[in-house]
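# Results of the structural survey
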Amino acid sequence: QKEVEQDPGPLSVPEGAIVSLNCTYSNSAFQYFMWYRQYSRKGPELLMYTYSSGNKEDGRFTAQVDKSSKYISLFIRDSQPSDSATYLCAMRSGSEKLVFGKGTKLTVNP
Amino acid sequence: DTAVSQTPKYLVTQMGNDKSIKCEQNLGHDTMYWYKQDSKKFLKIMFSYNNKELIINETVPNRFSPKSPDKAHLNLHINSLELGDSAVYFCASRITPEGNEQYFGPGTRLTVT
């Protein structure tokens, strides 16, 4: 079993839709959870960061962590064509290396 | 000002050649990384340096040799390039190994023919 599993998609939604992106993981030592957004031919950029379980909201983006289920989610409300990108989950424990999911490619159609 | 910069952006070379990729960060961070992203977009760590010292060395062929002349620079030298080395290589930096935000460079697209 891979440490971090993420459905690669692709996911295609109409503009204005609510998007749900998810990752599962196997290492119960993970404490820090991130979502990165990567536009085509660009480097990943940090979108959301959460420590331990709980929710975090930033504008149209909400990150959720459920450590009991080893499951993290990113919700995008009122999705825009500019949200079209690959979304990578990433997680780590302490100062250990970041472990990335394979990324989900999202297309928001106008 | 670019926070993490890499040169070159594109690199096309033949099998067997030796090439280098350079990375610089102007964020004052202590920790720098090299990642490889394959054609399926999977991002995998290769090396990590903290204050010029190697702290993470994943299972990478010894044809790959990182070098950190100072904490703002982390270069990657690749000897005897192989077809399977074709990928996008990303440099990244973090303020410390425990820091939250990790900043990525724009990537170097390496194609080995």
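Let me begin by describing the structure that accompanies this report. (Residues numbered from 1 in each chain as written. Chains lettered and ligands numbered in written order. Predicted model: local features only at pLDDT ≥ 70, side-chain atom pairs only at ≥ 80, totals over all residues. Heavy atoms only, no water.)

## A word on the pattern of salt bridges
Between side chains of opposite charge, pairing is possible as soon as their charged atoms come close. Residues and elements named next belong to chain B. Applicable threshold: For salt bridges, the criterion is a side-chain nitrogen of Lys or Arg within 4 Å of an Asp or Glu carboxyl oxygen. A run of H or I in DSSP becomes a helix once it reaches four residues, and a run of E becomes a strand once it reaches two; helices and strands are each numbered from the N terminus. Burial status follows relative accessibility: with a 1.4 Å probe on protein chains alone, a residue under 20% of its type maximum counts as buried, one over 50% as exposed, and anything between as partly exposed.
As enumerated under the stated definition, the model contains 7 salt bridges over all chains in all. The salt bridge involving K71 is made with D30; its shortest N-O contact spans 2.7 Å. Of the two residues, K71 is situated in the loop between strand 7 (64–70) and strand 8 (73–78) and D30 in the loop between strand 3 (19–25) and strand 4 (31–37); the sequence distance between them amounts to 41 residues. As a salt-bridge pair, D85 and R63 come within 2.8 Å of each other at their nearest N and O atoms. Within this pair, whereas D85 is found in the loop between strand 8 and strand 9 (87–94), its partner R63 is found in the loop between strand 6 (53–57) and strand 7, the two being separated by 22 residues in sequence. This pair shows no difference in class: D85 is buried, exactly as R63 is. One connected set of salt bridges, linked through shared partners, spans R63, E82 and D85.

## Points about the side chain of R63 of chain B
Residue and element names in this part refer to chain B. What counts, and what does not: Nitrogen and oxygen atoms within 3.5 Å of one another constitute a polar contact, given that in protein one can donate a hydrogen and the other can accept it, and given that sequence-neighbouring residues count only through two side-chain atoms. Throughout, a residue-residue contact means that at least one pair of heavy atoms, one from each residue, lies within 4.5 Å.
When its relative accessible area of 14% is taken as the criterion, R63 is described as buried. There is a polar contact of 3.5 Å between the side chain of R63 and the side chain of E82. Discounting chain neighbours no more than four positions away, the residues touching R63 are H77, I78, N79, S80, L81, E82 and D85.

## Here we look at the pairing of strand 2 (residues 10–13) of chain B
Residues and elements named next belong to chain B. We count it as follows: The pairing criterion for strands is at least two bridges between them, as found by DSSP.
Where burial is concerned, the two faces of strand 2 differ: the one with L11 and T13 is buried and the one with Y10 and V12 is not. Here strand 2 runs beside strand 11 (residues 108–112); their pairing, made up of 4 bridges, is parallel. Within strand 11, the position partnered with T13 by the bridge is V112.

## Regarding the interface of chain B and chain A
Where interface size is quoted, it is often the accessible area lost as the parts come together. Defined as follows: By buried area we mean how much accessible surface two parts lose on assembly, using a 1.4 Å probe and totalling the loss over both.
Counting residues at the interface gives 22 residues for chain B, matched by 20 residues for chain A. The junction of chain B with chain A conceals about 1,800 Å² of combined surface from both sides, 53% of it contributed by carbon and sulfur atoms. For chain B, the biggest contributors to the area lost against chain A are K41, F42 and N100 of chain B; these three give 27% of the whole. Put simply, K97 of chain A and E58 of chain B hold a salt bridge, and the shortest N to O gap is 2.9 Å. At the junction of chain B and chain A, the tally comes to 3 residue pairs in polar contact (both at pLDDT 80 or more).

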